[in-house]
Amino acid sequence: MPSRNLLLALTAGVVAAALPIFAAQAQAPAALTGQVSSAAEGPMEGVVVSAKRDGSTLTISVVSDNTGKFSFPASKLEPGRYSLAIRAVGYDLEGPKTADVAAGSTTPADVKVRPTRNLAKQLTNAEWLASFPGTDTQKKALLNCIGCHDLDRIVTSTHDADEFVQVFDRMTGYYPGSTPQYPQRLIGDARRNLGAAVSVKAMADYLASINLSKDEIWDYPLKTLPRPQGRATRVVITEYDLPRKQIQPHDAIVDSDGMVWFTHFGEQFLGKLDPKTGRVLEYPLPVIKPGYPIGTLDLETDKAGNLWIAMMYQGGVAKFDKETEKFQTWKVPQQWQTDATQQAFLTPTNSHVDGKVWVKNSDRAQILRLDPATGEWENLGAFKDTSNNRTITSYGIPADHDNNLYLLDFSSSNIGKLDAKTGKLTVYRSPIANSRPRRGRVDEHNRLWFAEYAGNAIGMFDPKTERIEEWVLPTPWAQPYDVVTDKNGEAWTGSMLSDRVSRLNPKTGEFVEYLLPKTTNIRRVFVDNSTSPVTFWVGSNHGASIVKVEPMD
């Protein structure tokens, strides 16, 4: 009995301690409040309401609760005139379209929405995939398309199968950081692999069956995802516009000073955003391979806080010293260079252990190792899965605490662990077949967390047990790109297709999924543990913005 009474007392204490926190959140001064409703549903939960002040580069968004009510904290909105927008699939904003916010007062703005006349324009990539007829295998072939453009570009086209084959041939010659507005051609004989001719023809036939090549409307119903509910509505989202629409922020991370650093996927810059002012600085990266495509991908830090950048088709890597604001570059040795040389990933995270930085060369799937002190490179070559003699094509190379390397095999369900001292590779297979592991991080317990792109799951490899545990995301066709854990042991990922940020409690298996205000092609994800609750950051790769997600609990 005494232990039971003690448990009750402790539980009551925890609840009592939590009540003031929630009460403080509920009573926090509001700058703009209202209720979202429609004639069809009445009060509506899960509608994202956005406000952008005239002349500002910031957009603030909140989500309506189960009574349809929404509230913008006064700390988030400065006085001024704001344009209002909403996101609720199937609906458009009826009014009001603007609101005037004054200092020291709360502006009421009940929002009315009406059924949209163009549902197709609102669908996410995930909703298009859910709508398409066909098998999962046919649909998964489209997962490679969304790196450069959304699926609506395909479904609204009128290409027949033969024309799609011609389009595919042209696309193989584009740099991965290309967009329809800002394309870059590969050089020489470098090409991106679309697979065997038979599979290419099958894909062309399938695309011609789901687009508008045969009719003016689609012959399948358009399916939508449910709006957020419950905890998923307790969030504030801030979007920071970048100076040019051409900027494609790929990896975005926050340093100890609160600055957000990001790589440009299609330009030769390193970017820095000050969240307090919205000011953006861009540092020109040296061109080390003139005439070849520009743009960078992976952004990492070493123990000293230096920023390291994978320079893609420039054929090398760079280090940026934040104190001197100077770059140092290392070019892959000429004897290993080809037109297809590509450094997408690098790992300096634990280079202090042995002085070595791991580098991936996507050309021929080579694993390289750089000694920055001497400038010497090692080429460990490509690695194979001995069970089937297939080359491991890693998409992400995180290192553990001893600077041993993980290879996330994007063409299978394999996780390879490379011993830094012996060069021995051990292969582990995830339970989900052909899950296509890609990017992730090693946590404080030396466990590897990674995204399973084709498995629609989060994976975790524990080197102590040598077992992989998996959690499938609740939203179909979310297809996560990257995973990171926070100080509370929760895992965060972002979808390239559903515009949702997913938060996993591994102990309970519970997910919370936050819907973002706009189409957001999510790549690298980052969690700032210096705040409470933690803050999630990501670059909108096709939206020229940096996005901050602040959960209220």
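Data block above holds the structure.
Residues numbered from 1 in each chain as written. Predicted model: local features only at pLDDT ≥ 70, side-chain atom pairs only at ≥ 80, totals over all residues. Heavy atoms only, no water.

Draft legend 1. Seen up close, the overall build of the chain. Per the secondary structure count, the chain includes 7 helices and 39 strands. Whereas a compact globule of 553 residues would reach a radius of gyration of roughly 24 Å, the chain reaches 24 Å, a difference of no more than 12%. For the chain, the C-alpha atoms occupy an extent of roughly 70 × 65 × 55 Å along the three principal directions. Split into buried and exposed, the 553 residues of the chain put 55% on the buried side. (Helix = DSSP H or I, 4+ residues; strand = E, 2+ residues; numbered from the N terminus. Rg over C-alpha atoms; globule rule 2.2 N^0.38 Å. Buried < 20%, exposed > 50% of the residue type's maximum accessible area, 1.4 Å probe, protein only.)

Draft legend 2. Examining the side chain of Lys-360 more closely. Turning to its location among the elements, Lys-360 is positioned in strand E21 (residues 357-361). Asp-409 provides the closest opposite charge to the buried, unpaired Lys-360, separated from it by 8.4 Å. A polar contact of 2.5 Å, which involves the side chain of Lys-360, links it to the backbone oxygen of Ser-394. Dropping the residues within four chain positions of it, Lys-360 is found in contact with Gln-342, Gln-343, Ala-344, Phe-345, Ala-365, Gln-366, Ile-367, Thr-393, Ser-394 and Ile-397. (Lys, Arg positive; Asp, Glu negative; His and termini not counted. Salt bridge = Lys/Arg side-chain N within 4 Å of Asp/Glu carboxyl O. Polar contact = N/O pair within 3.5 Å; in protein donor to acceptor, adjacent residues only side chain to side chain. Contact = heavy atoms within 4.5 Å.)

Draft legend 3. Molecular detail of the pairing of strand E35 (residues 500-505). In terms of burial, E35 is a largely internal element, 5 of the 6 residues being buried. Bridge count for strand E34 (residues 491-495) against E35 is 4 bridges, and the pairing is antiparallel. Bridging across to E35, Gly-494 finds its partner in Val-501. (Pairing = 2+ DSSP bridges.)

Draft legend 4. The arrangement of the sheet that holds strand E12 (residues 249-254) in detail. Reading across from one edge, E12-E13-E14-E15 is the order of the 4 strands in this open sheet, with antiparallel pairing throughout. Both outer strands of the open sheet, E12 and strand E15 (280-284), are each paired with one neighbouring strand and no more. Averaged over all pairs of adjacent strands, the angle between strand axes in this sheet comes to 20 degrees, irrespective of strand direction. (Axes fitted to C-alpha atoms, helices over the stretch in contact; angles between N-to-C directions.)

Draft legend 5. Just the sheet that holds strand E37 (residues 522-528), in detail. In space, the 8 strands of this open sheet follow the order E8-E6-E3-E4-E11-E39-E38-E37, with antiparallel pairing throughout. Every other strand in the sheet has two partners, leaving strand E8 (98-101) and E37 as the edge strands with one partner each. Each neighbouring strand pair of the sheet contributes to a mean axis angle of 25 degrees, computed without reference to strand direction. Sheet topology places strand E4 (residues 58-63) next to strand E11 (residues 235-241); 4 bridges connect them, and they run antiparallel. Looking at the pairing, Ser-61 lines up with Ile-237 of E11.

Draft legend 6. The pattern of salt bridges, seen in detail. Per the counting criterion, the structure on display carries 30 salt bridges. Lys-201 is the salt-bridge partner of Asp-205, the closest N and O atoms lying 2.9 Å from each other. Taken as a pair, Asp-205 and Lys-201 lie in helix H7 (residues 197-210) at a separation of 4 residues, close to a single helical turn. With relative accessibility at 37%, the residue Lys-201 sits in the partly exposed group. Of the charged contacts, one joins Glu-239 and Lys-518 as a salt bridge, the two residues approaching to 3.1 Å between their closest N and O atoms. One end of the pair, Glu-239, is in strand E11; the other, Lys-518, is in the loop between strand E36 (510-515) and E37, with 279 residues separating them in the sequence. Assessed through its relative accessible area of 4%, Glu-239 is described here as buried. Three or more residues joined by partner-sharing salt bridges are found here, namely Asp-251, Asp-298, Glu-300, Arg-439, Arg-441, Asp-482 and Arg-524.

Draft legend 7. Focus on helix H6 (residues 161-171). Within the span of H6, buried status applies to Ala-161, Phe-164, Val-167 and Phe-168. Considered in projection along H6, the buried side chains sweep an arc of 105 degrees and stay on one side of the axis. Set apart from the buried face of H6 by more than 90 degrees, the exposed residues are Asp-162, Gln-166 and Asp-169. Its side-chain oxygen 3.2 Å from the backbone nitrogen of Asp-162, Asp-160 forms the N-cap of H6. (Arc of directions from axis to C-beta.)

Purely spatial values, then, with no claim about function.
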